[in-house]
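Now for the letters of each chain:
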Amino acid sequence: MKYFSIKFFYSKVIFYFLLITFTLITLIFAGTHYRVTNEIVYDETTKLTWTRCSLLAGGSADMSAACSGVKGELTWEEAVDACNHLNYSGRKDWRLPNIKELKSIVVYNVDGTYPCINKMCFPNTKTSHYWSSTTHPYVNDNHTAFTLDYLAGNITYHMKTSRWYVRCVAGP
């Protein structure tokens, strides 16, 4: 019986060692596929270019290096329009990201901190919902769209008349 207890103890030690090692490797390499400037974030994996900051009230771009402007909460139609008409960082091909694209920049922080996004690349991201261009497929009236909640990284949907935050994308 004593042999079993020691063997069980060592198997737990090995398990936790591997878990911690994997977590550290994940943290070391998390976000290394991004190229960041003061205005944009380029994701080398997806080939998408993101506005580094959330849009401001009124749908304009936040030009501050720390993304410290007052974030705007827009309806879905206002969000689509703001991204489609954004002329920012030498680009005019901005659009509201679909839900898959929006989910691609989620980072589930092992330390339990929020928001669930790379804070070095996307500073001052609100721990709230962000609009996607994806309309809910099961609602025939076309009045709901998916959002991504950066508090926990969850996908949900809301009425398009609701007001949520916006980050625009361009490419590929």
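Because the structure is predicted, anything quoted here is derived from the model rather than measured.

## Thoughts on the overall build of the protein
- Within the protein, the secondary structure is distributed over three helices and seven strands.
- Traced from its N-terminal end to its C-terminal end, the protein shows the element sequence α-β-β-β-α-α-β-β-β-β.
- The burial tally for the protein puts 40% of its 172 residues in the buried class.
- For the protein, the share of sequence-separated contacts (at least 6 apart) that also reach a separation of at least 24 residues comes to 58%.
- Total accessible area on the protein is roughly 10,000 Å²; 62% of this is exposed by carbon and sulfur atoms.

## Some words on the environment of L102
- Note that L102 resides in helix α3 (residues 99-103).
- Residue L102 is classed as buried on the basis of its relative accessible area, which comes to 0%.
- Taking the C-alpha atoms as reference points, L102 and L148, separated by 46 residues in sequence, lie 7.1 Å from one another.
- Residues in contact with L102, not counting those within four places in the same chain, are W50, P97, Y130, W131, S132, L148 and Y150.

## So, helix α2 (residues 76-84)
- Within α2, the full set of buried residues consists of W76, A79, A82 and C83. Within α2, the buried residues cover an arc of 125 degrees as seen down the axis, which keeps them to one side.
- Along its buried surface, α2 packs onto β4 (129-135) and β5 (144-149).

## So, unusual backbone geometry
- Residue P172 is reached from G171 by a cis peptide bond, and omega for that bond is -25 degrees.
- Residue position: P172 is located in the segment after β7 (169-170).
- One non-glycine residue with positive phi stands out, namely C67, at about 55 degrees.
- Unlike most non-glycine residues, S89 shows phi in positive territory, near 55 degrees.

## A closer look at the packing of aromatic side chains
- Following the criterion strictly, the structure yields five aromatic pairs and no others.
- Measuring from centroid to centroid gives 6.2 Å for Y88 and W94, while their planes differ by 50 degrees, and the two rings are tilted. There is no split in this pair, since Y88 and W94 are both buried.
- With a centroid separation of 5.2 Å and an interplanar angle of 80 degrees, the aromatic rings of Y130 and Y150 are classed as edge-to-face. Within this pair, whereas Y130 is found in strand β4, its partner Y150 is found in the loop between β5 and β6 (154-159), the two being separated by 20 residues in sequence. Comparing Y130 with Y150, the two get one shared label, buried.
- Among the aromatic residues, those joined into a ring-pair cluster are Y130, Y150 and Y165.
- A cation over a ring is seen here: R91 above W94, with NZ or CZ 6.0 Å from the ring centre.
- Positioned above the aromatic ring of W76, the side-chain terminus of K160 is 3.8 Å from the ring centre.

What counts, and where the lines are drawn
- Residues numbered from 1 in each chain as written.
- Predicted model: local features only at pLDDT ≥ 70, side-chain atom pairs only at ≥ 80, totals over all residues.
- Heavy atoms only, no water.
- Helix = DSSP H or I, 4+ residues; strand = E, 2+ residues; numbered from the N terminus.
- Buried < 20%, exposed > 50% of the residue type's maximum accessible area, 1.4 Å probe, protein only.
- Contact = heavy atoms within 4.5 Å.
- Areas by Shrake-Rupley, 256 points an atom, 1.4 Å probe, with all protein chains shown as cover.
- Arc of directions from axis to C-beta.
- Phe/Tyr/Trp six-rings, centres within 6.5 Å; stacked < 30°, edge-to-face > 60°.
- Lys NZ or Arg CZ within 6 Å of the ring centre and 35° of its normal.

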